[in-house]
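Close look at the chain arrangement
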Amino acid sequence: MSAKQPLKGFRVLSAEQYGAGPYGTMFLAQMGAEVIKIEPPKGGDTARHVGPHWLREQESLYFQSFNLNKRSLTLDLRSEKGIAILHQLVRESHVMANNLRGDVPAKIGLDYAALKAVNPAIVCAHVSAYGRDNARAKWPGYDYLMQAEAGFCALTGDPDGPPVRFGLSMVDFMSGTQMAVGLLAALLDAQRSGEGCDVDVDLLSAAVHQTSYPALWYMNENDITGRAPNGAHPSATPSQMFKATDGWLFVMAQIPKFWPILCDKIGHPELIADPRFDTPAKRLDNRPALSEMLNAIFAEHSMAHWQTLLEGHVPVAPVYQLDQALDSPWLETIGMRQTISHPDRDEMDVLSSPIKLNGERLPNRAGPLLGQDSDAILGDLGYDDDAIAALRADGIV
């Protein structure tokens, strides 16, 4: 495990639930920040209750995906005593994050306007569905809705099929990561200036931003990007999936230099100078004919055959099922799987952080049980056992 923890000594409080916020703050926890996950005393984070796989009753395996390396404090943020405890924590913290509905942070005092008197240097980071400053602030919203409204679904799938969402909640993950980037920049400034601020990311804005070059093509040229067969790139070809005898490959002769290499490697050098395909523009204009020819060629042999011929020479990857992807020996080679211990499972497999420091993956430990750290955190604030018991009896923690 990496000994370097660049965020050690920084404390992040987070009133978070489900995916977007917890995914972003997990990166901070993995880099050494003390992330205190503030959860409702009754039930905690919704993610703890998402099946179908469980470590114990009301402790899901799903929850572990987004909450490694964190601490858990149960606290009723809608009570005066709960807010008083929060303020004690804010005085000794650097970030107050949340991914609540857009109108909620101001109502319960989690924004900079409410907390700057407690700690002028606090950074308040918010992830919401539609933002906190517009007519949709009160709207509930989830990842799949953003994929629909931002155009992702219309860009995904076969041209003759219905719109398709991503197989994962990618907008949540993008938004949480963008929140982490924003709060780190604001934290750096607060360390220099002594003044914090609000940092906002909303799921819809994050999703729209990810439309990137098709967005600019449309906004400037009125060019509406559509779907192409076999997941093909909108403007580069051949850059798409091809079916071998036993599965699919994604081949990306994305730039001109790969075209002659591809033709040579698949045993058809005559295609290099074919007048229908001898420039990128002609290959795009004649994509249906080119795809038909290449489909027939790739259908002659197995995935392994083509992978062996092409890998390292032309960009190529097997189209794996999820189990094949996660069981790939390459993940062990690069250290993208780790085995850690949980109170209910001596060996729990998790994904490693994609971030390396000094060539080493970041360390992981299991996500906390609900309220696992409440007594210790409150004890550090000066509450004795009797006071903590009273808070628990009143439903504050």
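Residues numbered from 1 in each chain as written. Predicted model: local features only at pLDDT ≥ 70, side-chain atom pairs only at ≥ 80, totals over all residues. Heavy atoms only, no water.

1. Structural notes on the packing of helix 1 (residues 20–30) against helix 8 (residues 170–193)
- Where helix 1 meets helix 8, the closest approach of the two axes is 7 Å, and the angle between their N-to-C directions is 50°. With respect to their mutual orientation, helix 1 and helix 8 come out oblique. In the packing of helix 1 onto helix 8, the handedness of the crossing is right-handed. For the pair helix 1 and helix 8, contact is made by Ala-20, Gly-21, Tyr-23, Gly-24, Thr-25, Phe-27 and Leu-28 and by Asp-172, Phe-173, Gly-176, Thr-177, Met-179, Ala-180, Leu-183 and Leu-184, respectively.
- For the contact of helix 1 with helix 8, the per-class residue count stands at nine nonpolar, five polar and one charged. (Axes fitted to C-alpha atoms, helices over the stretch in contact; angles between N-to-C directions. Helix = DSSP H or I, 4+ residues; strand = E, 2+ residues; numbered from the N terminus. Parallel < 35°, antiparallel > 145°, perpendicular 65-115°, else oblique. Left-handed = near helix turned anticlockwise from the far one by under 90°. Contact = heavy atoms within 4.5 Å. Nonpolar A, V, L, I, M, F, W, Y, C, P; charged D, E, K, R; others polar.)

2. A short note on the pairing of strand 7 (residues 123–128)
- Summarising burial for strand 7: six of the six residues are buried, a large majority.
- Alternating positions in strand 7 separate into two faces, Val-123, Ala-125 and Val-127 on one and Cys-124, His-126 and Ser-128 on the other, with burial throughout.
- Sheet topology note: the strand 6 (residues 95–98)/strand 7 ladder contains four bridges and is parallel. Paired with Asn-98 across the strands is His-126, a residue of strand 7.
- The pairing of strand 7 with strand 8 (residues 197–202) spans six bridges and is parallel. Pairing of Ser-128 across the sheet is with Asp-202, part of strand 8. (Buried < 20%, exposed > 50% of the residue type's maximum accessible area, 1.4 Å probe, protein only. Pairing = 2+ DSSP bridges.)

3. So, helix 1
- Of all 11 residues making up helix 1, 10 are buried, and the element is well covered by its neighbours.
- Those residues of helix 1 that fall on the buried side of the exposure criterion are Ala-20, Gly-21, Pro-22, Gly-24, Thr-25, Met-26, Phe-27, Leu-28, Ala-29 and Gln-30.
- The inward-facing, buried residues of helix 1 abut strand 1 (11–15), strand 2 (34–39), strand 6, strand 7, helix 8 and helix 9 (203–209).
- Immediately downstream of helix 1, the backbone of Gly-32 shows phi near 105°, a positive value.

4. Notes on the nonpolar core
- Counting 34 residues, the largest nonpolar core has Leu-28, Val-95, Val-123, Met-146, Met-179 and Leu-183 as its most contacted members.
- Of all the secondary-structure elements, those providing two or more residues to this core are helix 1, strand 6, strand 7, helix 8, strand 8 and helix 9.
- Per-element tally for this core: the top contributor is helix 8, with eight residues.
- Those residues in contact with Met-146 that lie beyond four places of it in its chain are Ala-129, Tyr-130, Gly-141, Val-171, Leu-203, Leu-204 and Ala-207.
- With 29 residues, the next largest nonpolar core counts Leu-86, Met-96, Tyr-112 and Ile-377 among its residues. (Core = buried A, V, L, I, M, F, W, Y, C linked by side-chain atoms within 4.5 Å.)

5. Describing the pattern of salt bridges
- Under the criterion given, the structure shown has 22 salt bridges.
- One salt bridge connects Glu-34 with Arg-11, and the closest N-O pair in it is separated by 3.0 Å. Pair noted here: Glu-34 is in strand 2 and Arg-11 is in strand 1, with a separation of 23 residues, a long-range link.
- Using a relative accessible area of 25% as the deciding quantity, one classes Glu-34 as partly exposed.
- Take Arg-11: its relative accessible area is 11%, and that puts it in the buried class.
- A salt bridge links Arg-192 to Asp-189, with the shortest nitrogen-to-oxygen separation between them at 4.0 Å. With a gap of three residues between them, Arg-192 and Asp-189 both fall in helix 8, about one helical turn apart.
- On the accessibility criterion, Arg-192 (65% relative accessible area) is exposed.
- Take Asp-189: its relative accessible area is 36%, and that puts it in the partly exposed class.
- Salt bridges here are not isolated pairs; linked through shared partners, they connect Arg-11, Glu-34, Arg-71, Glu-92 and Asp-373. (Salt bridge = Lys/Arg side-chain N within 4 Å of Asp/Glu carboxyl O.)

6. Some words on a nonpolar patch on the surface
- Where nonpolar side chains cluster on the molecular surface, the patch consists of Leu-216, Tyr-218, Met-219 and Ile-224 and spans about 470 Å² of accessible area.
- Positionally, Tyr-218 belongs in helix 10 (residues 212–221).
- The exposure class of Tyr-218 is partly exposed, given its relative accessible area of 43%. (Patch = residues over 30% accessible without salt bridge, like charges linked within 9 Å, V, L, I, M, F, W, Y side chains within 5 Å. Areas by Shrake-Rupley, 256 points an atom, 1.4 Å probe, with all protein chains shown as cover.)

7. Observations regarding helix 13 (residues 287–298)
- The end-to-end C-alpha separation of helix 13 is 16 Å, in line with the 16 Å expected for 12 residues at 1.5 Å each.
- Among all positions in helix 13, only Arg-287, Leu-290, Ser-291, Leu-294, Ile-297 and Phe-298 are buried. Seen end-on, helix 13 carries its buried residues on one side only, within an arc spanning 125°. Turned more than 90 degrees off the buried face of helix 13, the exposed positions are Pro-288 and Glu-292.
- If you follow the buried residues of helix 13, they end up packed against strand 9 (239–244), strand 10 (247–252), helix 11 (258–265), helix 12 (280–285) and helix 14 (303–310). (Expected span 1.5 Å × (residues − 1). Arc of directions from axis to C-beta.)

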